[in-house]
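Below are the chains, spelled out letter by letter.
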Amino acid sequence: MIKSVLISLIYCLVIFSFVAWYWQQSAEPQRTWLFYFVFTIAFGQNVYYSYKRSKK
């Protein structure tokens, strides 16, 4: 339980750090694609965990 929470926390920290760094370095069109990228990851995780929870 704690191991999975720790892995999830590290994963989120890595993604957030990358997004924050890339946001500072990028121009406006790249920020739009970055938003789509982050939204897709969040949506995909939501679908995955909802599906996983429904199978219990």
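Above: the structure in question.
Residues numbered from 1 in each chain as written. Predicted model: local features only at pLDDT ≥ 70, side-chain atom pairs only at ≥ 80, totals over all residues. Heavy atoms only, no water.

Student: In this structure, what is going on with the environment of V47? I would like to understand it.
Tutor: On the secondary structure map, V47 appears in helix α2 (residues 28-54). For V47, a relative accessible area of 43% translates into the label partly exposed. Here the alpha-carbon distance between V47 and L13, two residues 34 residues apart in the chain, equals 20 Å. (Helix = DSSP H or I, 4+ residues; strand = E, 2+ residues; numbered from the N terminus. Buried < 20%, exposed > 50% of the residue type's maximum accessible area, 1.4 Å probe, protein only.)

Student: Would you take a moment to explain the packing of aromatic side chains for this structure?
Tutor: In this description, an aromatic ring pair is defined by two values, namely the gap between the centres and the angle between the planes. Tallied over the full model, the rule gives 8 aromatic pairs. Plain terms: the ring middles of F35 and Y36 are 6.0 Å apart, the flat faces sit at 55° to each other, and that makes the pair tilted. Looking at F35, the relative accessible area reads 51%, which means it is exposed. On the basis of an interplanar angle of 25° and a centroid distance of 6.2 Å, the ring pair of F35 and F39 is categorised as stacked. Within this pair, F35 and its partner F39 are both found in helix α2, separated by 4 residues, close to a single helical turn. By the ring-pair criterion, three or more aromatic residues cluster together here, those being W33, F35, Y36, F39 and F43. (Phe/Tyr/Trp six-rings, centres within 6.5 Å; stacked < 30°, edge-to-face > 60°.)

Student: When you look at the side chain of S26 in this model, what are you seeing that I'm missing?
Tutor: Mapping S26 onto the fold places it in the loop between α1 (2-25) and α2. At 3.0 Å, the side chain of S26 and the backbone oxygen of Y22 are in polar contact. Within the local environment of S26, its side chain forms a polar contact with the backbone oxygen of W23, the two atoms lying 3.4 Å apart. (Polar contact = N/O pair within 3.5 Å; in protein donor to acceptor, adjacent residues only side chain to side chain.)

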